[in-house]
Amino acid sequence: MKTTSKDSVFRDLFGDRKYALQLYQAIHPEDTDVTEADIGNVTIKNVFTDQEYNDLGMTVREKLLLMLEAQSNWTMNIIIRIFLYLAHTWNEYIENTKQNRYGSKKLVVPRPELYVIYTGDRKTRPEWIRLSDEFFEGNQEFIQINVKVLYGEGKDDIISQYVDFTKVYNEQVKLHGKNRKAVLETIRICKNRNVLSEYLSGREKEVINIMMGLFDQEKAVEQFGNEKKAEGRLEGKREAAINMKAEGLSDGMIAKILDVGLSIVQEWISGTVVVR
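Procedures and definitions
Residues numbered from 1 in each chain as written. Predicted model: local features only at pLDDT ≥ 70, side-chain atom pairs only at ≥ 80, totals over all residues. Heavy atoms only, no water. Helix = DSSP H or I, 4+ residues; strand = E, 2+ residues; numbered from the N terminus. Buried < 20%, exposed > 50% of the residue type's maximum accessible area, 1.4 Å probe, protein only. Areas by Shrake-Rupley, 256 points an atom, 1.4 Å probe, with all protein chains shown as cover. Core = buried A, V, L, I, M, F, W, Y, C linked by side-chain atoms within 4.5 Å. Contact = heavy atoms within 4.5 Å. Expected span 1.5 Å × (residues − 1). Polar contact = N/O pair within 3.5 Å; in protein donor to acceptor, adjacent residues only side chain to side chain. Patch = residues over 30% accessible without salt bridge, like charges linked within 9 Å, V, L, I, M, F, W, Y side chains within 5 Å. Salt bridge = Lys/Arg side-chain N within 4 Å of Asp/Glu carboxyl O. Arc of directions from axis to C-beta. 1 Å grid on protein atoms, 1.4 Å probe; cavity = no way out; pocket = protein on both sides within 12 Å on 5 of 7 lines; lining within 4 Å. Points joined across faces, edges and corners; volume = space filled by probe spheres on them. Nonpolar A, V, L, I, M, F, W, Y, C, P; charged D, E, K, R; others polar. Phe/Tyr/Trp six-rings, centres within 6.5 Å; stacked < 30°, edge-to-face > 60°.

Visitor: I'd like to hear about the overall build of the protein, residue by residue, with values.
Guide: Tallying secondary structure elements over the protein gives eleven helices and six strands in all. Each of the 276 residues in the protein was classed as buried or not, and the buried ones make up 46%. As presented, the protein carries roughly 14600 Å² of accessible surface, and 48% of it is formed by carbon and sulfur atoms.

In structure tokens, the structure reads:
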């Protein structure tokens, strides 16, 4: 799945424990005593090296594992993607806690809750999507996976604000194209409407660079064509890294935004003379 500019804002926004806590509180408003200190292992990463995923996983008091993905295009493949991410994360948890998966003692793993935040315009909006229904004609004798779909409707929480942000973004891209004006207008309108205003005010420069960097990447993919997508993504990220460095971002921040290794970013930048 191709990462878009708004998807990268999802990664940056909820990768922060402060907003990860707000996300948890939106899902579990009854749990009023949870604090940032209870939110652990906030991770957003690629499960496979040749694919880009927008999954977010976080533990709450080491007992509950929330796993989410944002998507604007409806696809039932999300169920399998998020299951693979769950299996990968459980595997890491078992290794990190030094449990013996081949022993007779029952393994201890955090209980998962699986969600997708849907930001598109699909008219049919089920509350749940289920593996058995979508892939096995309702047969759940051997396996079942349930994913709850969040639409951010009718509330003023962080999920609703993120969905509203994506709608403003889509409107501005239609008006101005994928360029800096669309990004600046998206931020201006959202701040005026109190949509992610604290996040956008505090990290405006980073958000602009995130979105502009992904615009460069998307353009590169389009130029190279379907048969050159992998090369285009890499070239787009290299150009984005150079532009971000010119804006004054650190190598570490660039690596985080573009989801590549720090050594790769440093290699890209070291081979380039940046003219301000």
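Visitor: How would you sum up the nonpolar core? Please name residues and give values.
Guide: In terms of nonpolar packing, the biggest core is built from 43 residues, with Phe14, Leu23, Leu66, Leu68 and Ile117 touching the most fellow members. The greatest single-element share of this core, amounting to eight residues, is contributed by helix H5 (residues 158-176). Each residue touching Leu66, except ones within four places of it in the same chain, is listed here: Tyr24, Ile27, Leu56, Gly57, Met58, Val60, Glu113 and Tyr115. One finds Met67, Met76, Leu86 and Leu114 within the second-largest nonpolar core, a separate group that totals 17 residues.

Visitor: Provide a residue-level description of H5, including the pertinent values.
Guide: Its 19 residues give H5 an end-to-end C-alpha distance of 26 Å, which sits within 8% of 27 Å, the value for a rise of 1.5 Å per residue. Of all the residues in H5, the buried ones are Ile158, Ile159, Ser160, Gln161, Tyr162, Val163, Phe165, Thr166, Val168, Tyr169, Gln172 and Val173. Among the residues of H5, the N-terminal cap falls to Asp157, whose side-chain oxygen and the backbone nitrogen of Ile159 are separated by 3.1 Å. The positive-phi residue at the C-terminal boundary of H5 is Gly177, with phi of around 85 degrees.

Visitor: Let's hear about a nonpolar patch on the surface: which residues, and what values?
Guide: The grouping of Ile80, Phe83, Leu84, Phe135, Phe136, Phe142 and Ile143 at the surface amounts to a nonpolar patch, some 650 Å² of accessible area in total. With three residues, helix H3 (residues 77-96) is the largest single contributor of residues to the nonpolar patch. On the basis of relative accessible area, Phe135 is assigned to the partly exposed category, the value being 32%.

Visitor: Can you break down helix H11 (residues 262-270) residue by residue, with the values?
Guide: For H11, the set of buried residues is Val265, Trp268 and Ile269. All buried residues of H11 fall inside an arc of 95 degrees around its axis, so they share one side. Seen from the open side of H11, the exposed residues pointing more than 90 degrees away from its buried face are Ser263, Glu267 and Ser270.

Visitor: Could you give an account of the layout of surface pockets, naming the residues involved and the relevant values?
Guide: Picture a little ball the size of a water molecule; that probe, rolled over the atoms, points out where space is still empty. If you add up the space inside the second largest pocket, you get close to 280 Å³. What lines the second largest pocket is a set of 15 residues, and nearest its centre among them are Ala26, Leu150, Tyr151, Gly152 and Lys155. Listing elements by their share of the lining of the second largest pocket, those giving two or more residues are helix H2 (17-27), strand S6 (146-150) and H5. When its residues are assigned to classes, the lining of the second largest pocket shows eight nonpolar, two polar and five charged.

Visitor: Now, about the packing of aromatic side chains: what can you tell me, with residues and values included?
Guide: This structure, assessed with the given rule, holds seven aromatic pairs. Measuring from centroid to centroid gives 6.5 Å for Phe135 and Phe136, while their planes differ by 50 degrees, and the two rings are tilted. Linked through ring pairs, Phe10, Phe14 and Tyr162 together constitute an aromatic cluster.

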